[in-house]
Amino acid sequence: MRIFLNDDVHEIDPGTLAAALEALGFGGRKIATAVNGRFVAAAARPATRLADGDRIEVVAPMQGG
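Now for a look at the structure at hand. (Residues numbered from 1 in each chain as written. Predicted model: local features only at pLDDT ≥ 70, side-chain atom pairs only at ≥ 80, totals over all residues. Heavy atoms only, no water.)

Let's talk about the overall build of the protein chain
Here is step 1 of the chain: Of regular secondary structure, the protein chain possesses one helix and five strands.
Here is step 2 of the chain: Each helix and strand of the protein chain, placed in order from N terminus to C terminus, yields the pattern β-β-α-β-β-β.
Here is step 3 of the chain: For the protein chain, whose C-alpha radius of gyration is 11 Å, the value lies close to the compact-globule estimate of 11 Å for 65 residues.
Here is step 4 of the chain: Dimensions of the protein chain, computed from C-alpha atoms along their principal axes, come out at roughly 40 × 25 × 20 Å.
Here is step 5 of the chain: Residue burial in the protein chain is summarised as follows: out of 65 residues, 34% are buried.
Here is step 6 of the chain: Residue pairs in contact within the protein chain that sit at least 24 positions apart in sequence constitute 55% of those at least 6 positions apart.
Here is step 7 of the chain: Element-wise, carbon and sulfur atoms account for 52% of the exposed surface of the protein chain, whose accessible area totals about 4,400 Å². (Helix = DSSP H or I, 4+ residues; strand = E, 2+ residues; numbered from the N terminus. Rg over C-alpha atoms; globule rule 2.2 N^0.38 Å. Buried < 20%, exposed > 50% of the residue type's maximum accessible area, 1.4 Å probe, protein only. Contact = heavy atoms within 4.5 Å. Areas by Shrake-Rupley, 256 points an atom, 1.4 Å probe, with all protein chains shown as cover.)

Here it is, written out as structure tokens:
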């Protein structure tokens, strides 16, 4: 299935947000996620099913000042 991750197209196997993040190299990282504009908490990622064409946004916290 085709998804958009931060506006880049990726082909992944159907599954969950957690599985997609793992496959795309984000496993274990402290990040914030949204699917189709809706925030998805870390605890909800394993139960969040993805569909073809979904748009995923990933934001990593930044340090500094």
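A look at the pairing of strand β1 (residues 2-5)
Here is step 1 of the chain: Across four bridges, β1 lies against strand β2 (residues 8-11) in antiparallel orientation. From the neighbouring strand, Phe4 faces β2, where its bridge partner is Val9.
Here is step 2 of the chain: Linking β1 to β2, which pair antiparallel, is a turn of two residues; within it Asn6 sits at a positive phi near 50 degrees.
Here is step 3 of the chain: Bridge count for β1 against strand β5 (residues 55-59) is two bridges, and the pairing is parallel. Paired with Phe4 across the two strands is Arg55, which belongs to β5. (Pairing = 2+ DSSP bridges.)

Describing the side chain of Thr48
Here is step 1 of the chain: Checked against the element boundaries, Thr48 lands in the loop between β4 (38-40) and β5.
Here is step 2 of the chain: You can call Thr48 buried: its relative accessible area is 17%.
Here is step 3 of the chain: Here the side chain of Thr48 touches Ala44 through a polar contact of 2.7 Å, landing on its backbone oxygen. (Polar contact = N/O pair within 3.5 Å; in protein donor to acceptor, adjacent residues only side chain to side chain.)

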